[in-house]
Amino acid sequence: MRYLDPRNDLTFKKVFGEHPDLLISFLNALMPFASEDDYIESVEYLPAEIVPETPFSKDSIVDVRCLDKQGRQFIVEMQMYWTDDFLQRVLFNSSKAYVRQLDRGRKYSDLQPVYTLSLVNDVFRTELKDAENCYHHYSIVDVYETNEHLKGMEFVFVELPKFKPKNFRDKKMVVLWLRYLTEVKDQTESVPEELLDNRFTKKALQLLEEASYSKSELYAYDRYWDAISTQRTLLDGETRKARETGYAEGRAEGLAEEKRSTAKRMKTDGLSTELIAKYTGLTPDEISVL
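This is a predicted model, so every value here is computed, not measured.

Analysis parameters
- Residues numbered from 1 in each chain as written.
- Predicted model: local features only at pLDDT ≥ 70, side-chain atom pairs only at ≥ 80, totals over all residues.
- Heavy atoms only, no water.
- Core = buried A, V, L, I, M, F, W, Y, C linked by side-chain atoms within 4.5 Å.
- Buried < 20%, exposed > 50% of the residue type's maximum accessible area, 1.4 Å probe, protein only.
- Contact = heavy atoms within 4.5 Å.
- Pairing = 2+ DSSP bridges.
- Helix = DSSP H or I, 4+ residues; strand = E, 2+ residues; numbered from the N terminus.
- Axes fitted to C-alpha atoms, helices over the stretch in contact; angles between N-to-C directions.
- Parallel < 35°, antiparallel > 145°, perpendicular 65-115°, else oblique.
- Left-handed = near helix turned anticlockwise from the far one by under 90°.
- Nonpolar A, V, L, I, M, F, W, Y, C, P; charged D, E, K, R; others polar.

1. Concerning the nonpolar core
For soluble globular proteins, the rule of thumb is that nonpolar side chains tend to be buried together. Counting 59 residues, the largest nonpolar core has L117, L119 and Y180 as the members making the most contacts within it. Filtering out sequence-adjacent residues up to four positions away, L117 remains in contact with F26, L27, L30, M31, I75, V76, E77, V156 and V158. Grouped together as the second largest cluster of nonpolar side chains are 14 residues, V90, A97, Y98 and F155 included.

What follows is the structure, encoded as structure tokens:
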């Protein structure tokens, strides 16, 4: 038996975007809920694209977005590389999801919290005293009384490369889900028994079996890795060029041209406008004229 990588856009959305039971288990394990009373019992999937309010607003596309029966929204994203732009996009998406709850005639008191879970296959918090910690929870807190916070938006970032099971000894499902995301790779043939012994991670593993995917799905799966490789090249090229020249304007212009060139190749290969926009940063209108 060979498995696909659960971090791929195709597999991640198949597992968590099509199977509510797996998404509920995943969120209940990783969300910073104060008690089991806060656990999610059911979810309703929402469109992954957060539609702009005006024709000139920037589209936002996330991996999975859902609503639970309490009205709380949850946004889940898998990000292969950390960039400052990604952080800004997380804030933008969460803010948009929060404010768009207020349809005409509704009161501010109707607003429900928005939780964002960002799984990052990269290391970005090396300056912390506890640099080995992979789990970062952000909320809006009083800087003097940090136990006091405003309810509205909360953010969790998980640095997958830092994950160590010993850091979550008393949280079995956190360990199992993070092992699922970090120990199962492309072309893996043998998976940990602990993952097969749990009904949720076992089902998630079955959804990664390569034999269950069509040729077109496997093509899309491979093209995603090509897009990620291109993104890494762009980021490395941007860093190198900035270091060598120190000219921000030239760096931005060169990156923009590389993004357009990459988008053209992705478009020629038949990738969707949504996926091209996500991994190049271009708008659908910019992609349409390429």
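2. Describing the sheet that holds strand β4 (residues 64–68)
Judged by pairing direction, the sheet is mixed, and its six strands sit side by side in the order β1-β4-β5-β6-β8-β7 without closing on themselves. Every other strand in the sheet has two partners, leaving β1 (43–46) and β7 (135–141) as the edge strands with one partner each. The average angle at which neighbouring strand axes cross in this sheet is 20°, direction not considered. Along the sheet face, helix α3 (residues 84–99) touches β5 (73–79), β6 (114–120) and β8 (149–159) and points at about 145° away from the line of β8.

3. Focus: the packing of helix α4 (residues 172–183) against helix α6 (residues 199–206)
Helix-helix packing: each pair is described by the crossing angle between the helix axes and the interaxial distance. With their axes 10 Å apart at the nearest point, α4 and α6 run at an angle of 10° to one another. When the axis of α4 is compared with that of α6, the two are roughly parallel. Handedness of the α4/α6 crossing: right-handed. The residues of α6 that touch α4, namely those facing M173, L176, W177 and Y180, are F200, T201, A204 and L205. Of the residues assigned to the contact of α4 with α6, the class counts are seven nonpolar, one polar and no charged.

4. As for the packing of helix α1 (residues 9–18) against helix α2 (residues 20–30)
Contact geometry of α1 with α2 gives a least axis separation of 5 Å together with a crossing angle of 90°. In terms of orientation, α1 and α2 fall into the roughly perpendicular class. Residue-level contacts link V15, F16 and E18 of α1 to P20, L22, L23 and F26 of α2. Broken down by class, the residue content of the contact of α1 with α2 amounts to six nonpolar, no polar and one charged.

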